[in-house]
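What follows is the residue order along each chain.
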Amino acid sequence: MGISASDVVPFTQARANLSELADQVKAGAEKIITKNGESYVALIDAERLDYYHRLERERIHLLVIDDARRGLEDIVSGRTQDADAAIARLQHRRARSDGAAGKGSMKTAPAARKRG
């Protein structure tokens, strides 16, 4: 569904005509409420919003299933690593890069001693 010019409503007009806008939305329209000439919020039917949320959850589930499928393909083709060994390599790399980062850094002056 496309948005037409009549579906873009300034905030002040929306506030004054909220009941009328709600009836239009319930009938199938979607409204974009603007504030200072910029898109601010959308007014859509609650059932449509619920539908959008269900679609998003389904999309996330499909992504998880696809990740699992690719993982299983990796196992079948032998593209696997021992988890403990992989973690040890990552920790070793991190320690090496942390040590290298400290070598070229400026040293701070020692703290002044208190007299007295």
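Residues numbered from 1 in each chain as written. Predicted model: local features only at pLDDT ≥ 70, side-chain atom pairs only at ≥ 80, totals over all residues. Heavy atoms only, no water.

A. Region of interest: the sheet that holds strand β3 (residues 38–43). Pairing in this open sheet of three strands is mixed, and the strands run β1-β2-β3 from one edge to the other. The sheet is open, and its two edges are formed by β1 (8–10) and β3, each paired on a single side. Shown here is a sheet whose adjacent strand axes are inclined to one another by a mean of 35°, direction ignored. As judged from the five bridges shared by strand β2 (residues 31–35) and β3, these two strands associate in the antiparallel manner. Its bridge partner lying in β3, I32 is registered against A42. (Pairing = 2+ DSSP bridges. Helix = DSSP H or I, 4+ residues; strand = E, 2+ residues; numbered from the N terminus. Axes fitted to C-alpha atoms, helices over the stretch in contact; angles between N-to-C directions.)

B. Up close: the side chain of D7. Take D7: it is sitting in the segment before β1. When its relative accessible area of 11% is taken as the criterion, D7 is described as buried. (Buried < 20%, exposed > 50% of the residue type's maximum accessible area, 1.4 Å probe, protein only.)

C. Examining the pattern of salt bridges more closely. Following the criterion strictly, the structure yields 10 salt bridges and no others. The partner of R48 in a salt bridge is E30, and the shortest N-O contact between them spans 2.9 Å. Of this pair, R48 sits in helix α3 (residues 46–76) while E30 sits in the loop between α2 (18–26) and β2, placing them 18 residues apart in sequence. The salt bridge involving E73 is made with R69; its shortest N-O contact spans 2.7 Å. With a gap of four residues between them, E73 and R69 both fall in helix α3, about one helical turn apart. Take E73: its relative accessible area is 40%, and that puts it in the partly exposed class. For R69, a relative accessible area of 39% corresponds to the partly exposed category. (Salt bridge = Lys/Arg side-chain N within 4 Å of Asp/Glu carboxyl O.)

D. Geometry of α3. Taking 1.5 Å per residue as the helical rise, α3 with its 31 residues ought to reach 45 Å, and the 45 Å between its terminal C-alpha atoms agrees with that figure. The N-cap residue of α3 is D45: its side-chain oxygen and the backbone nitrogen of E47 are 3.2 Å apart. Positive phi appears at G78, one or two residues downstream of α3, with a value of about 85°. (Expected span 1.5 Å × (residues − 1). Polar contact = N/O pair within 3.5 Å; in protein donor to acceptor, adjacent residues only side chain to side chain.)

E. Representation of the packing of aromatic side chains. Tallied over the entire structure, the rule returns two aromatic pairs. Residues Y51 and Y52 carry aromatic rings whose centres are separated by 6.2 Å and whose planes lie at 50° to one another, so their mutual orientation is tilted. A cation sits over an aromatic face here: K35 above F11, 5.4 Å from the ring centre. (Phe/Tyr/Trp six-rings, centres within 6.5 Å; stacked < 30°, edge-to-face > 60°. Lys NZ or Arg CZ within 6 Å of the ring centre and 35° of its normal.)

F. Molecular detail of the environment of E38. When you line up the elements, E38 lands in strand β3. The exposed category is assigned to E38, whose relative accessible area is 54%. For the pair formed by E38 and P10, sequence separation is 28 residues and the distance between their alpha carbons is 9.0 Å.

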